[in-house]
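Below, each chain spelled out in residue letters.
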Amino acid sequence: MQVEVFPSYEDLSEAAATTVLDQVARKPDSVLGLAVGTTPLLTYKKLGEAVTAGRADFSRVRVFSLDEYVALPPEHPWSFQRSLRRVLSLVVTPEQIRVPNGMAADLAIECARYNAAINEAGGIDLMLLGLGVNAHIGFNEPGPCFVPDTHVVELSEGTRQTYSRLFGRPEDMPCWAISMGIRDIMLAERILLLASGPRKAGAVAKTARGDITPYAPASILQVHRNVRVLTDHAASARLEGAR
Ligand code: F6R
């Protein structure tokens, strides 16, 4: 696992965008697995600028969202469907984005369908992950075991608190989500994990230097053959001597 420390959020976002642009230049029909959340926002903005300036062509790219809330209508402003379409509006068309259907009558069938769609696409070429304060990736929350495939997950109290700031009333924040599983993530050809700011310092230390454990889900990335962790100074502050 390669940990790269950048002077600022701007710089790590630039590095992430450059990697995605290289990927798509090399393989125009790349399959990307993308996180929602705040950390990748500047990366997505930079991708939009590259496409608008004619420096990149994403017209054959397919995007799979890492996750989606359960029982939140896709038209809700903070559904991951809406969020991803919004932040990628200059990069890909809505038809190029696939998000799990958290409103499906049978969520188990939806999870299996989503997993099958990833496999039919040939798997993920490049996965761009954010990092939870509790070291979650996607919504693979800390717990006694790694869950391999796309699954329904109960969001932890901390995750709900973090994300509920977006919702008018905290009680509107969903309790459940659909998330790609750890095997889905680990089967990606390349992985970029982005972490910025002091709140992520503990999670970065556990991810890169801690024991590999489902209680710090991102720690499994230590055994992936092509993963880069892009951090800024604040997020990497606890790397030395961490264990
Ligand atoms: C969201 C996702 C989550 C976020 C993580 C960090 O699609 O998969 O794992 O990446 O919660 O969120 P931010 O970037 O908002 O700190």
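On a predicted model such as this, the values are computed, not experimentally measured, just so you know. (Residues numbered from 1 in each chain as written. Predicted model: local features only at pLDDT ≥ 70, side-chain atom pairs only at ≥ 80, totals over all residues. Heavy atoms only, no water.)

### Some thoughts on the overall build of the protein
The condition that has to hold: Helix and strand assignments follow DSSP, with helices taken as H or I runs no shorter than four residues and strands as E runs no shorter than two, numbered in order from the N terminus. Atoms counted for the radius of gyration: C-alpha only. Globule rule: 2.2 Å times residue count to the power 0.38. The contact criterion used is simple: two residues touch if any of their non-hydrogen atoms lie within 4.5 Å. Using a 1.4 Å probe, accessible areas were evaluated by the Shrake-Rupley method; residue-level cover was limited to the displayed protein chains. For the purpose of charge, His is not counted, nor are the chain termini; Lys and Arg are scored as positive and Asp and Glu as negative. To locate a charge, take atom NZ for lysine, CZ for arginine, CG for aspartate or CD for glutamate.
A tally of helices and strands in the protein yields 7 helices and 10 strands. Taking 243 residues into account, the globule formula puts the C-alpha radius of gyration at 18 Å, and the protein, at 17 Å, falls close to it. Nonlocal contacts in the protein, meaning residues at least 24 apart in sequence, comprise 79% of its contacts between residues at least 6 apart. A total accessible area of about 10,800 Å² is found for the protein, and carbon and sulfur atoms account for 54% of it. The averaged location of the 27 negative side-chain charges in the protein is 2 Å from the averaged location of its 25 positive side-chain charges.

### A word on the sheet that holds strand E4 (residues 67-69)
What holds strands together in a sheet is hydrogen bonding between their backbones, with the strands either parallel or antiparallel. Rules: Strands are treated as partners if at least two bridges between them are detected by DSSP. Interaxial angle, 0 to 180 degrees, is taken between N-to-C directions of lines fitted to C-alpha atoms, where a helix line uses only the stretch in contact.
Reading across the sheet, the 3 strands line up as E4-E8-E7 and stay open at both edges, with antiparallel pairing between neighbours. The outermost strands of the open sheet, each flanked by one partner alone, are E4 and strand E7 (151-154). This sheet shows a mean twist of 30° between the axes of neighbouring strands, independent of strand direction. When E7 meets strand E8 (residues 176-179), the two strands line up antiparallel, connected through 4 bridges.

### Considerations on the site of the ligand
Going by this rule: The cutoff for a nearby residue is simple: one of its non-hydrogen atoms must lie within 4 Å of the molecule or strand. Throughout this description, a polar contact denotes any pair of N or O atoms lying within 3.5 Å of each other; where both atoms belong to protein, one of them has to be capable of donating a hydrogen while the other can accept it, and for residues adjacent in sequence the pair is counted only when both atoms sit in side chains.
The environment of the ligand is formed by 14 residues, the closest being Thr39, Asp67, His136, Tyr163 and Lys200. Within the side chain of Asp67, a nitrogen or oxygen atom sits 2.6 Å from an oxygen atom of the ligand. For the ligand, an oxygen atom lies 2.6 Å from a polar atom in the side chain of His136. Alone, the ligand offers 410 Å² of accessible surface; in the complex the protein occludes 95% of this.

### Some details on the pairing of strand E10 (residues 227-232)
Convention followed: Working definition: with a 1.4 Å probe on protein chains only, accessible area under 20% of the residue-type maximum means buried, over 50% means exposed, and in between means partly exposed. Assignment of crossover handedness uses the view with strands pointing away from the viewer, where a clockwise path from the first strand over the helix to the second indicates a right-handed crossover.
By the criterion of burial, E10 is predominantly enclosed, with 6 of the 6 residues buried. By the alternation rule, side chains of E10 split into Val227, Val229 and Thr231 and Arg228, Leu230 and Asp232, which are all buried. The sheet contact formed by strand E1 (residues 2-6) and E10 spans 5 bridges and is parallel. Opposite Phe6, over in E10, you have Asp232 as the bridge partner. In this sheet, E10 lies alongside strand E9 (residues 190-195) in parallel orientation, the contact comprising 5 bridges. Its bridge partner being in E10, Ala195 is matched across the sheet by Thr231. In terms of handedness, the path from E9 via helix H7 (residues 201-209) over to E10 forms a crossover that is right-handed.

### Thoughts on the environment of Asp149
Mapping Asp149 onto the fold places it in the loop between strand E6 (126-129) and E7. Judged by relative accessible area, Asp149 falls into the partly exposed class, the value being 29%. Separated by 54 residues in sequence, Asp149 and Ala203 place their C-alpha atoms 23 Å apart. Only 2.9 Å separates the side chain of Asp149 from the side chain of Arg183, close enough to count as a polar contact.

### Remarks on the pairing of E9
Counting buried residues along E9, 6 of its 6 residues qualify, which places the element largely inside the surrounding structure. Neither face of E9 is open: one carries Arg190, Leu192 and Leu194, the other Ile191, Leu193 and Ala195, and all of them are buried. Bridge count for E6 against E9 is 4 bridges, and the pairing is parallel. Along E9, the bridge assignment pairs Leu126 with Arg190.

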